[in-house]
Amino acid sequence: MKTAAQRRFALAGGMLGAAYLALNDLLPAFPDFLLGLLLGLGLVFLLLGLLPGEGWRRPRKWKRRGE
């Protein structure tokens, strides 16, 4: 079962992906760097939302351990 945090990550990834598509279509002169940043963040959040159970908690534990 998905946790609330995983659902939020998946939702954020979907919203960033939708923003990328909308900006790319509506504002073709929008800077490519910012479009790439939106797309990259969207993919990262979607992957975090898809990781199984303990898989998404492990990087957070490692990060907070100070190593």
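Our structure's up above, just so we're on the same page.
Rules of the game
- Residues numbered from 1 in each chain as written.
- Predicted model: local features only at pLDDT ≥ 70, side-chain atom pairs only at ≥ 80, totals over all residues.
- Heavy atoms only, no water.
- Helix = DSSP H or I, 4+ residues; strand = E, 2+ residues; numbered from the N terminus.
- Buried < 20%, exposed > 50% of the residue type's maximum accessible area, 1.4 Å probe, protein only.
- Contact = heavy atoms within 4.5 Å.
- Areas by Shrake-Rupley, 256 points an atom, 1.4 Å probe, with all protein chains shown as cover.
- Phe/Tyr/Trp six-rings, centres within 6.5 Å; stacked < 30°, edge-to-face > 60°.
- Expected span 1.5 Å × (residues − 1).
- Axes fitted to C-alpha atoms, helices over the stretch in contact; angles between N-to-C directions.
- Parallel < 35°, antiparallel > 145°, perpendicular 65-115°, else oblique.
- Left-handed = near helix turned anticlockwise from the far one by under 90°.
- Nonpolar A, V, L, I, M, F, W, Y, C, P; charged D, E, K, R; others polar.

Draft legend 1. Spotlight on the overall build of the protein. A count of helices and strands for the protein gives 3 helices and 0 strands. For the protein, the succession of helices and strands along the chain, N to C, is α-α-α. Buried residues in the protein amount to 15% of all 67 residues. For the protein, contacts bridging at least 24 residues in sequence account for 70% of all contacts bridging at least 6. If you sum the accessible surface of the protein, you get close to 5,200 Å²; carbon and sulfur atoms cover 72% of it.

Draft legend 2. The packing of aromatic side chains, seen in detail. What the rule picks out here adds up to 1 aromatic pair. Pairing Phe9 with Phe45 gives two aromatic rings, centres 5.8 Å apart and planes at 10°, and the pair type is stacked. Of this pair, Phe9 sits in helix α1 (residues 4-26) while Phe45 sits in helix α2 (residues 32-50), and the two are 36 residues apart along the sequence. Classification of Phe9 as partly exposed rests on a relative accessible area of 22%. The exposure class of Phe45 is partly exposed, given its relative accessible area of 25%.

Draft legend 3. Quick look at α1. The first and last C-alpha atoms of α1 sit 32 Å apart over 23 residues, in line with the 33 Å expected at 1.5 Å per residue. Every buried residue of α1 is accounted for by Ala5, Gln6, Gly13, Leu16 and Tyr20. Structurally, α1 contributes buried residues whose contacts are with α2.

Draft legend 4. Expanded view of the packing of α1 against α2. Relative to each other, α1 and α2 sit at 155°, their axes nearing to 7 Å. In terms of orientation, α1 and α2 fall into the roughly antiparallel class. The two elements α1 and α2 meet at a crossing, and its hand is left-handed. Taking contact as the criterion, the partners of Gln6, Phe9, Ala10, Ala12, Gly13, Gly14, Leu16, Ala19, Tyr20, Leu23 and Asn24 in α1 are, on α2, Leu35, Leu38, Leu39, Leu41, Gly42, Phe45, Leu46, Leu48 and Gly49. Each residue belonging to the contact of α1 with α2 can be placed in one class, and the counts come to 14 nonpolar, 6 polar and no charged.

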